[in-house]
Amino acid sequence: MALSPEVIQAFANVRGIVDPTNFNWPREVEGLNGVFSIPFKPLRIITASVGHDEMTLALVPLDRLVAVGSSSQNHTYSNVAGLLQDKPQISRDPETIIAEAPDVVVTSPFFSADGVEALSKAGVLVIQTELKHDAEARINNILLMGYIFGEEERAVEFATEVRDRYESLIAVTGAVETRPRVLALTQYSDKLWVAGADSTEGSVIEAAGGLNAAADAGVEGNQTTSLEGVIAMAPEIIVIAQPKEFGAEEFRQSLFDNEALAELPAIKNEAVYIVEGKHFTTLSYWNIRGAEDLARLLWPDDFADSESPPFSLAE
């Protein structure tokens, strides 16, 4: 079936597509690890990446994703775990991936160079694509992966869904006059962690209409901090994107019990919330859900009657 002019135009400026006028096979794409020719429409797909698995299931039917990593099957980390319980499990060991005979492995920048080399030597086509949290990169990756999978119409449809949902949120949160100071704070192994500039949690805070207190204090990325550091950041709201099974509730209570934090605005106003970690930390469109949920906390009058619908899946 011929693609419409609107669909063809949507791919005109997608980073990674070598020839955006070619919708036949073979087709070439430029991944982070080089330029590759895809000989035919891939029917057996592996990603070895939670974020990529989440995006893949929005683009192709479930049966084309032939195996997944354990994290994608874990409800703590994955937003699509419920769909993947019956899938064969692979690890970062190349042999487990080779055994599933994938047509293509589309994976993240975090897959090891040694693993990519081993798969490539075994004749497996491996394409690493970016995995970023900003709105433009999110749409680019959806379209690029749709092109790799031969699902151009679905990719454009889903990119429109994601873009519309994000812009609908920003239309409200982008117009606020005063942004509350929000701190994404967790505790692991007795160390306090905050999410600063260019962090996934920070992008969620900003999309929800908050001011990222850690970024405002000069923190870059995810960094450890001290109790004094938290006090200096003076958050009005604290969000804990930490799984409850890893102590989120105990950590929250410890903040209220610590006398040194008694005058902190977030503590005085009891504005410390445990949020769904997989919406705040995953590198996929599910970050929008995290921003929607946080926006309801920050702006209850504007979002009081709103609900977050499920994202659509490929049929």
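This one's a predicted model, so the numbers in the text were calculated from it and none came from an experiment.

Caption draft 1: A look at the overall build of the protein. Broken down by element type, the protein carries 14 helices and 13 strands. Principal axes of the C-alpha set define a box for the protein whose edges measure 65 × 40 × 35 Å. Counting over 315 residues, the protein shows a buried share of 52%. Within the protein, contacts between residues separated by at least 24 positions form 62% of all contacts whose residues are at least 6 apart in sequence. Accessible area of the protein: about 14,500 Å², with a carbon and sulfur share of 50%. Here the protein carries 22 positive and 48 negative side-chain charges, and the mean point of each set is 2 Å from the other.

Caption draft 2: Just the side chain of T47, in detail. Locating T47 in the fold gives a position in the loop between β3 (45–46) and α2 (50–59). One polar contact links T47 to D53, side chain to side chain, over a distance of 2.6 Å. In contact with T47, not counting residues within four places along its chain, are H52, D53, T56, L65, V106 and T107.

Caption draft 3: Representation of unusual backbone geometry in the model. Cis geometry marks the peptide bond from W25 to P26, where omega comes out at 0°. Phi is positive for D198, which is not a glycine, with a value near 60°. Positive phi is not limited to glycine here, since A234 has a value of about 50°. Its location among the elements puts A234 in the loop between α9 (227–233) and β12 (237–240). The class of A234 is partly exposed, set by a relative accessible area of 28%.

About the cut-offs
- Residues numbered from 1 in each chain as written.
- Predicted model: local features only at pLDDT ≥ 70, side-chain atom pairs only at ≥ 80, totals over all residues.
- Heavy atoms only, no water.
- Helix = DSSP H or I, 4+ residues; strand = E, 2+ residues; numbered from the N terminus.
- Buried < 20%, exposed > 50% of the residue type's maximum accessible area, 1.4 Å probe, protein only.
- Contact = heavy atoms within 4.5 Å.
- Areas by Shrake-Rupley, 256 points an atom, 1.4 Å probe, with all protein chains shown as cover.
- Lys, Arg positive; Asp, Glu negative; His and termini not counted.
- Charge placed at Lys NZ, Arg CZ, Asp CG, Glu CD.
- Polar contact = N/O pair within 3.5 Å; in protein donor to acceptor, adjacent residues only side chain to side chain.

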